Amino acid sequence: MAGMKSSMDSIRKAGYKLTPQRRAVYELIRSCGCLMSADEISKALGGSVNLVSVYRTLKLFEKIGLVFREKTEGVNRYYIDAIQHHHIVCRECGYTRCLPCSHSFGNIKGFSDISHTLVLTGLCNRCAGK
Ligand SMILES: [Zn+2]
Ligand SMILES: [Zn+2]
Ligand SMILES: [Zn+2]
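Residues numbered from 1 in each chain as written. Chains lettered and ligands numbered in written order. Predicted model: local features only at pLDDT ≥ 70, side-chain atom pairs only at ≥ 80, totals over all residues. Heavy atoms only, no water.

### Some thoughts on the overall build of the chain
- Counting secondary structure elements, the chain contains four helices and five strands.
- Moving toward the C terminus, one meets the helices and strands of the chain in the order α-α-α-α-β-β-β-β-β.
- For the chain, the proportion of its 130 residues judged to be buried stands at 32%.
- Put simply, of all contacts in the chain between residues at least 6 apart along the chain, 52% involve residues at least 24 apart.
- Here the chain holds 19 positive side-chain charges and 10 negative ones, and the gap between their average locations is 4 Å. (Helix = DSSP H or I, 4+ residues; strand = E, 2+ residues; numbered from the N terminus. Buried < 20%, exposed > 50% of the residue type's maximum accessible area, 1.4 Å probe, protein only. Contact = heavy atoms within 4.5 Å. Lys, Arg positive; Asp, Glu negative; His and termini not counted. Charge placed at Lys NZ, Arg CZ, Asp CG, Glu CD.)

See below:
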């Protein structure tokens, strides 16, 4: 789901340095599919970027609109895409699939900077024994 708007250039355009750590975190989320938690990112990077730095990096990425955050099983997970999408998660095994977002709320009077989250849960075919 590569998009033109979401790229590592956004880091520099937002006035931040593209450090090797930031680049590593970005490339990992991009290549590892979709949702990743800070913990999973730190582990996947083999400890080369510690957890605190991963948290900080993700916070920055979210601030500049480079990643979207979604909470599954009480854990914040992040994904990179040009536009927001949603997920359905198997409540038995955690298998996750991406779903397009077709929600548009337009302007809501009295609010700005509006975002929404939606996580669907279900049983995947494997866990349902199908
Ligand atoms: Zn399952
Ligand atoms: Zn996804
Ligand atoms: Zn949506």
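### Description of the coordination of the zinc ion (ligand 3)
- The coordination sphere of the zinc ion (ligand 3) contains the protein donors His86 (NE2), Cys101 (SG), His103 (ND1) and His116 (NE2), at a distance range of 1.9 to 2.3 Å.
- For the zinc ion (ligand 3), the four donor atoms in the first shell make angles of 102 to 115 degrees at the metal, so the coordination geometry reads as tetrahedral.
- Along the chain, the residues donating to the zinc ion (ligand 3) fall in the pattern H-x14-C-x1-H-x12-H. Linking histidine 103 in the loop between β4 (96–100) and β5 (119–122) with histidine 116 in the loop between β4 and β5, this pair joins segments that are 13 residues apart in sequence. (Donors = N, O, S within 2.8 Å, 3.2 Å for Na, K, Ca; no water. Tetrahedral: all angles 85-135°; square planar, octahedral: opposite > 155°, others 65-115°.)

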